[in-house]
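# Structural overview for review
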2 protein chains.
Amino acid sequence: MNVVFVAIACGLIAVLYGILTSRQVLAAPAGNDRMVEISGAVQEGAKAYLGRQYRTIALVGVVMVVLVAYFLGLTSAIGFLIGALLSGLTGFIGMNVSVRANVRTAEAARTSLQGGLTIAFRSGAITGMLVAGLGLLAISLFFWYLTGPAGHIAGDRTDRTIVNALVALSFGASLISIFARLGGGIFTKAADVGADLVGKVEAGIPEDDPRNPATIADNVGDNVGDCAGMAADLFETYVVTLGVTMVSIALTLSGTPEEMMRLMALPLIVGGVCIITSIVGTYMVRLGSGQSIMGALYKGFWTAAILAVPAIWVASTWTLGDLNAVIGGGDGGVGGFTGMDLFWCMMIGLALTGALVWITEYYTGTNYRPVRSIAKASETGHGTNVIQGLAVSLESPALPTLVISVAVIGAYQLAGVIGIAFGATSMLALAGMVVALDAYGPVTDNAGGIAEMAGLPDEVRARTDALDAVGNTTKAVTKGYAIGSAALAALVLFGAYTSDLREYFPALTVDFSLSNPYVIVGLLLGALLPFSFGAFGMTAVGRAAGSVVEDVRAQFRDNPGIMDGTSRPNYARTVDLVTRAAIKEMIVPSLLPVLAPIVVYFVITAVAGRESGFAALGALLLGVIVSGLFVAISMTSGGGAWDNAKKYIEDGNYGGKGSEAHKAAVTGDTVGDPYKDTAGPAVNPMIKITNIVALLLLAALAAHGG
Amino acid sequence: MNVVFVAIACGLIAVLYGILTSRQVLAAPAGNDRMVEISGAVQEGAKAYLGRQYRTIALVGVVMVVLVAYFLGLTSAIGFLIGALLSGLTGFIGMNVSVRANVRTAEAARTSLQGGLTIAFRSGAITGMLVAGLGLLAISLFFWYLTGPAGHIAGDRTDRTIVNALVALSFGASLISIFARLGGGIFTKAADVGADLVGKVEAGIPEDDPRNPATIADNVGDNVGDCAGMAADLFETYVVTLGVTMVSIALTLSGTPEEMMRLMALPLIVGGVCIITSIVGTYMVRLGSGQSIMGALYKGFWTAAILAVPAIWVASTWTLGDLNAVIGGGDGGVGGFTGMDLFWCMMIGLALTGALVWITEYYTGTNYRPVRSIAKASETGHGTNVIQGLAVSLESPALPTLVISVAVIGAYQLAGVIGIAFGATSMLALAGMVVALDAYGPVTDNAGGIAEMAGLPDEVRARTDALDAVGNTTKAVTKGYAIGSAALAALVLFGAYTSDLREYFPALTVDFSLSNPYVIVGLLLGALLPFSFGAFGMTAVGRAAGSVVEDVRAQFRDNPGIMDGTSRPNYARTVDLVTRAAIKEMIVPSLLPVLAPIVVYFVITAVAGRESGFAALGALLLGVIVSGLFVAISMTSGGGAWDNAKKYIEDGNYGGKGSEAHKAAVTGDTVGDPYKDTAGPAVNPMIKITNIVALLLLAALAAHGG
């Protein structure tokens, strides 16, 4: 139990870091009145959107909590509520930090690049540490309650409470995060694309020009999509990964309650010590003599990652004792691997994280072939820009797939499915740092918007643009990292599904062999989900952006004073329009991964019996990850590459701003926007929801003798 | 044996139809001198390209035939040669017919729409019937030789000659067809995209303007890509589907030699009678009072499909005798289904074909929501056009996946894997008609080009354009149909793989369960192949189109007389440039599916032993189809929709030709071009090659005690 307390303490330290750093950021000057006014409008719009989004999600949440309580009991319902509320809270805090940091970053960038970087990165770090800290607190406090006051025993195979409650907690987090990711993603890209099309392309005014009625909506989008949505998503990834590791320990290993307690606490303490190394890392983010922003951020990331090695070693030794003892050995134990094997699995997770970061930078950074090839292709027009962007997009999953395959094989050979679970856990242990790098991006993007609208000198905008370009890569990094960890987590979830199946329905022999046509059909239907989901996301953005265009055209037409600068556009009307569109469009696709497993199970069971139904459902879970990995990586890397190809041209290559190549690159960027910020990232929570719903379905069927 | 003779006779009838109809087409007037001259240049370019392509492929072919002979013996090597040579021959004939029919179609369109339709469709029907006829002849004559003069016995489990020879024949056909599809696809789209970018966009001259140096290359491309490449591809699909059905009968059923002979001959006779119904169908293609071109083509298709029902019934009854007798029953027989079950499986195949045709028309026809939504999105610019196109593209695999899943379950419940095989066989039985509808498209496209270059009156171009718009849909139909049948065939091939594994390596227990991480890794690596392959295809087109643009710009610069019309551009130089680029670019991606299974098997075996290696290889085969189905359908339907959205605007909607919406639609069309004509369709032979190479690898390992 001591181990759990230390994990809780680490979570509290993260929260404390968040509070203290918030004070530092808020103490920084907020700029002149015009800047405060603009920032206020963005804040107001973001709060209004998030409020409406949460009210809508709450309706779905209430239905779900009743269902969970009915099928799985009160403890699980509490777990669901904790996951859901904290996921929502993380998004809310992330949004609140960034809407205040943006104007301060703009103000700090008036004096120096380092000043802007410091404020923006610190605000990102607040969100990062709160994501990791609240995630760790949620799961470790709940685990403490379950195994302490509530009196459940870790590893007791006759009592499903702990497992069901942890799965329900994950479900709560996932369900909120898919809505937040998708709703926020639709909002941000509808506003962004709409504002660009009607502002840059039609009216010929620059990005973030205050005359553009959609410009506040665009800046609100950065906060509700790239900050709040991303934070909820990564909170989910954190909680689900740690939770599923603990669940798979409970389902597949056996040992004394004390041994099981230690094993199940290991993911928590690993998460805890890595929060500390991440906090240390945040203090290493400083510009060197080369003024390389990416270099500064990397210093922080690599510090956190390298310090994690000894930290995980110490944590493992302290928790497990002798690392060379065979785990789960002894009375009827299964396992056959050692603590040392688990340590190596976690090293594989860290190495995989490093590899994914590097690969993503290669595909989305302006220094490498992929982005430059898109920039070059822009010279021959819109068509070749998009063709080359799609080529890069299709190419980008290759290396990640290879390194993920190597990691899966390595971890499995060391310690089976549990090894894969610990690999995923150590990846997520770095989440605080990774989110910090990501959440920094939208703050700089907003800072640039405020600088433009408030008419600050050009050098300020140049500084925020430099900070923002790096943000494109770090945003792609988070998404690649999240989906990579999702691949590992999904394999562990599938393992949990098969274990549960054996436990709940021992009389059934479900054939998961590829020779079973129901497995094939399940794989095909599962693989279909990310495609259909992506189609919904793209259509939603296209449609909502179209209505933004129409609204802005109408404002220009009805109020000619806007373009002269003699009268103010009605920003709130556009914000309200995008809000309604985003909330309407997010509902159906978000429910797709909830309903698909249930429908497939019941339809196939009706046609071919329960064994076929379970086989198809299991295969569906893997089908989702098999295609989801490719869809998500190709969209997020491709989108990042398109965006940075535009920035590369804006840096003066191939004719620079205003050239024909630049126009083509703007088209590519527009296409990449919903790819990378709406459809692509939402695939990550989608994969997890599908898997979790399947686990809950099993538990519900078993509990109700179904 | 009588049944086989009748099948051979049907194949000969198809060839006879081809010869007679060729005479009719060639007897039509070829137009004025200018038209003949242009058509001559296209012919010359197409022949030069095809010659060089075949010489390059021949090098690979010679290496392969030596390897096949060494590992599997002389009979298999002969099979490989037959498949390879006939695949090449089909492409050659297809190209030769279309380069002669194009000018005659243009001439006939001077008098009436019906005249143009007749010539164009007849030339398509020649290619269609030769694809089906030569495919049927290849496989039935070879089967006759093996079971007759060569003395092998159908169903003799101790003699692998028939199975290996049929697999080798399929391999030959597939290998040539992937080169032809990809090389031709790169050629046609590099020329098309390059010509459009530099002609329409930069120089502001219309499509097919004779001043554009790339215009002959563009027209050559239609013949070598959309005709020759498509014909080779569908030949492959035909031969592999029939071959794999026969192989899976030989591997999984047992019975007396006579029973086995009848069962193995059934796919041949089904193919034979459907050639006859397709020939009847071709005579039904006539414009009704509504002048609906699609309606005219559908009359032919539905006639062939509906007549196929009684034809297959009669053929089955004649071949199997009592349709209610249990198949393979009797002495140690396995099976447990009846001839009637097989008949119903074939009906499922026909229904699936009809459903895929309808779905493809929905997604690519100008009368329905998807195409119109892209056209509407063009109003707000290039970006929204591409976003909506990608949304349609991502959405398009949903319905095909659902109907394929239903078909797989239905056929499997009736007669297991053999049922799925017969479903695929009956789909392919309609290949003659489907190819006829497809091959008609590029002829009309070329006819339009010739009309434009020869300065024929506008109404001629209007007629050829109307014919061509329908061609976009029929081309998408063929691809959806081919990939749909590939999904079924791949399942049968996977069944053959597992049967072979049991037979060759009875001591091994290979675990194909989804719980095996090597299966997961295999699925991921397999799913990766279509993405990487697509990336190669898109990059190749982008790069080659870029060099076309540079060549044309150089010609305009060095020879100002071109734009005045006072001097002729150097068409041959552009054709030569595209030829070299296409041949260079096709090699690496074509070898990807040949090498991937071999590399994965040996690497995984080295790391984790042979059982894991075989498991990963098996999963790779299914991974390819699981993602390949989505990649191929999304690319081919999406590309068709983009193309027709442009045509819909050109018909006067959303501002018509020359409007901003039209420019955006041209961008979408450019993006869709390599999607639908290069990367997407080549996924079909790629899936089959991967599977066939795995089967050959097993045979080679077994034969050499590996």
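Residues numbered from 1 in each chain as written. Chains lettered and ligands numbered in written order. Predicted model: local features only at pLDDT ≥ 70, side-chain atom pairs only at ≥ 80, totals over all residues. Heavy atoms only, no water.

## What to know about the overall build of chain A
As a reminder of what qualifies: Working definition: helices are DSSP H or I runs of at least four residues, strands are E runs of at least two. Numbering for both runs from the N terminus. Our radius of gyration looks at C-alpha atoms and nothing else; its globule reference is 2.2 Å times the residue count to the power 0.38. Residue burial is assigned from relative accessible area. The probe radius is 1.4 Å, only protein chains are included, and a residue is buried under 20% of its type maximum, exposed over 50%, and partly exposed in between. Here, residues are in contact when the closest pair of their heavy atoms is within 4.5 Å. We get accessible surface area from the Shrake-Rupley algorithm with a probe of 1.4 Å; when it comes to residues, only the shown protein chains can shield them. Asp and Glu are treated as the negative residues and Lys and Arg as the positive ones, with His and the ends of the chain left uncounted. By convention, the charge on Lys lies at NZ, on Arg at CZ, on Asp at CG and on Glu at CD.
Along chain A, the regular secondary structure elements total 19 helices and zero strands. Here chain A has a C-alpha radius of gyration of 24 Å; the compact-globule value for 706 residues is 27 Å, and the two agree. Along the first, second and third principal axes, the C-alpha set of chain A runs to 80 × 55 × 45 Å. Sorting the 706 residues of chain A into buried and exposed places 70% on the buried side. Look at the contacts in chain A between residues 6 or more apart in sequence, and 84% of them connect residues 24 or more apart. Accessible surface for chain A amounts to roughly 20,100 Å². Of this, 63% is attributable to carbon and sulfur atoms. The positive charge centre, built from 40 side chains, and the negative charge centre, built from 49, are 4 Å apart in chain A.

## Topic: helix α4 (residues 113-147) of chain A
Residues and elements named next belong to chain A. Note the following rule: Helix span, expected: 1.5 Å multiplied by one less than the number of residues in the helix. Under the rule applied, a polar contact is a pair of N or O atoms within 3.5 Å (in protein, one hydrogen donor and one hydrogen acceptor; residues adjacent in sequence only if both atoms are side-chain atoms).
For α4, with 35 residues, the first-to-last C-alpha span of 50 Å sits near the 51 Å given by 1.5 Å per residue. Most of α4 sits inside the fold, with 29 of its 35 residues counted as buried. Between the side-chain oxygen of the N-cap and the backbone nitrogen of G115 there are 2.9 Å, and the N-cap of α4 in question is S112.

## With respect to empty space enclosed by the protein
The test is simple: Two kinds of site are reported from a 1 Å grid over the protein atoms alone, namely cavities, where a 1.4 Å probe fits but cannot get out, and pockets, open sets with protein on both sides within 12 Å along at least five of seven lines, and residues are called lining when an atom falls within 4 Å of a point. Grid points are joined across faces, edges and corners, and a volume is the space filled by probe spheres set on the points. Each residue receives one of three labels: charged for Asp, Glu, Lys and Arg, nonpolar for Ala, Val, Leu, Ile, Met, Phe, Trp, Tyr, Cys and Pro, and polar for the others, Gly being one of them.
By the definition in use, this model includes 15 cavities of 30 Å³ or more. Looking at the largest cavity, its volume works out to about 170 Å³. Lining the largest cavity we find 16 residues, and of these L394 and Y675 of chain A together with L394, F531 and Y675 of chain B sit closest to its centre. Those elements giving two or more residues to the lining of the largest cavity turn out to be α11 (382-395) and α18 (610-650) of chain A together with α11 (382-395) and α18 (610-650) of chain B. In the lining of the largest cavity, the residues fall into twelve nonpolar, four polar and no charged.

## Side note on the layout of surface pockets
Gaps left between atoms are located by rolling a probe of water-molecule size over the structure's atoms. In this structure, the second largest pocket occupies an estimated 1,100 Å³ of space. Lining the second largest pocket we find 42 residues, and of these A535, F536 and T539 of chain A together with R369 and E395 of chain B sit closest to its centre. Sorting the residues of the lining of the second largest pocket by element identifies α15 (517-558) and α17 (571-608) of chain A together with α10 (369-377), α11 and α12 (398-429) of chain B as the ones contributing at least two each. Among the elements that line the lining of the second largest pocket, the one with the most residues is α15 of chain A, at 14 residues. Tallied by class, residues from the lining of the second largest pocket come to 23 nonpolar, ten polar and nine charged.

## Some remarks on the nonpolar core
The tendency in soluble globular proteins is for nonpolar side chains to be buried as a group. Which entries qualify depends on this criterion: Think of a nonpolar core as a cluster: buried Ala, Val, Leu, Ile, Met, Phe, Trp, Tyr and Cys residues, connected wherever their side-chain atoms sit within 4.5 Å.
Counting 561 residues, the largest nonpolar core has Y497 of chain A together with Y497 of chain B as its most contacted members. In this view, Y497 of chain A contacts F512, F614, L617, G618, L621, A694, L695 and L698 of chain A; residues no more than four positions away in its chain are not counted.

## Regarding the side chain of N385 of chain A
All names here are of chain A. Relative to the assigned elements, N385 resides in helix α11. A polar contact is formed between the side chain of N385 and the side chain of W642, at a distance of 3.0 Å. Setting aside anything within four residues of it in sequence, one finds N385 in contact with I374, A377, S378, W642, A664, A665 and G668.

## A short note on helix α19 (residues 660-703) of chain B
Residue and element names in this part refer to chain B. To keep things clear, this is the line we draw: Two axes enter the bend calculation: one fitted to the seven residues ending at the residue in question, the other to the seven starting there, and the bend is the angle between them.
Counted at 1.5 Å a residue, the expected span for α19 with its 44 residues is 64 Å, and the 64 Å between its end C-alpha atoms agrees. Remark: the principal bend of α19, roughly 35°, maps to V683, with a proline, P685, within the next four residues. In terms of residue burial, α19 counts as a mostly covered element, since 40 of its 44 residues are buried.

## What about unusual backbone geometry?
Non-glycine residue Y654 of chain A carries a positive phi angle of around 50°. Secondary-structure assignment places Y654 of chain A in the loop between α18 and α19 (660-703). Backbone geometry at Q291 of chain B places phi at a positive 55°, although glycine is not the residue there. For Q291 of chain B, the location among the structural elements is in the loop between α7 (257-282) and α8 (293-320). For Q291 of chain B, a relative accessible area of 45% translates into the label partly exposed.

## Thoughts on the interface of chain B and chain A
What counts here: In short, buried area is how much 1.4 Å probe accessible area vanishes from two parts on joining, totalled over both. In what follows, salt bridge is the name for a side-chain nitrogen of Lys or Arg lying within 4 Å of a carboxyl oxygen of Asp or Glu.
Counting residues at the interface gives 65 residues for chain B, matched by 65 residues for chain A. Between chain B and chain A, a total of about 5,800 Å² is buried, with carbon and sulfur atoms accounting for 81% of that surface. When residues of chain B are sorted by the area they lose upon contact with chain A, L394, L514 and F531 of chain B head the list and together hold 13% of the total. On inspection of chain B and its partner chain A, the count reaches zero salt bridges. For the pair chain B and chain A, the interface holds four residue pairs in polar contact (both at pLDDT 80 or more). Within the residue set of the side of chain B that touches chain A, elements represented by two or more residues are α5 (161-203), α11, α12, α14 (458-504), α15 (517-558), α17 (571-608), α18 and α19 of chain B.

## Concerning the UniProt feature "site: Determinant of potassium independence" (unreviewed entry) in chain A
Residues and elements named next belong to chain A. Quick reminder of the rule: UniProt positions are given in the numbering used here, feature names are shortened, and annotations may be inferred rather than shown by experiment.
UniProt feature "site: Determinant of potassium independence" (unreviewed entry): in the numbering of this structure it lies at K475. With respect to the element layout, K475 can be found in helix α14 (residues 458-504). Judged by relative accessible area, K475 falls into the buried class, the value being 9%. If we ignore the near neighbours within four places in the chain, the residues touching K475 are D226, D438, P442 and D677. Within the structure, the side chain of K475 is placed 3.1 Å from the side chain of D226, a separation counted as a polar contact.

## Quick word on the relation of the copies chain B and chain A
Rule in force here: Residues reaching a pLDDT of at least 70 in both copies supply the C-alpha atoms on which the copies are superposed by least squares.
Turning chain B through 180° and shifting it by 0.0 Å along the axis lays it on chain A, with an RMSD of 0.0 Å. A rotation of that kind, with that shift, is consistent with a two-fold axis. Among all residues of chain B, the minimum C-alpha distance to the rotation axis is found for S513 of chain B, at 2.1 Å.

## A word on the pattern of salt bridges
Residue and element names in this part refer to chain B. Summed over the entire model, instances satisfying the criterion amount to 60 salt bridges over all chains. A salt bridge links K647 to D468; the shortest N-O distance between them is 3.6 Å. In this pair, K647 sits in helix α18 while D468 sits in helix α14, placing the two residues 179 residues apart along the sequence. We note that K647, like D468, is buried.

## Details of a nonpolar patch on the surface
Note the threshold: Like charges are joined within 9 Å and nonpolar side chains (Val, Leu, Ile, Met, Phe, Trp, Tyr) within 5 Å, but only among residues with over 30% relative accessible area and no salt bridge; these make up the patches.
On the surface, I13, I276, V280, Y283, M284 and L307 of chain A cluster together into a nonpolar patch covering about 490 Å² of accessible area. Mapped onto the elements of the fold, Y283 of chain A is located in the loop between α7 (257-282) and α8 (293-320).

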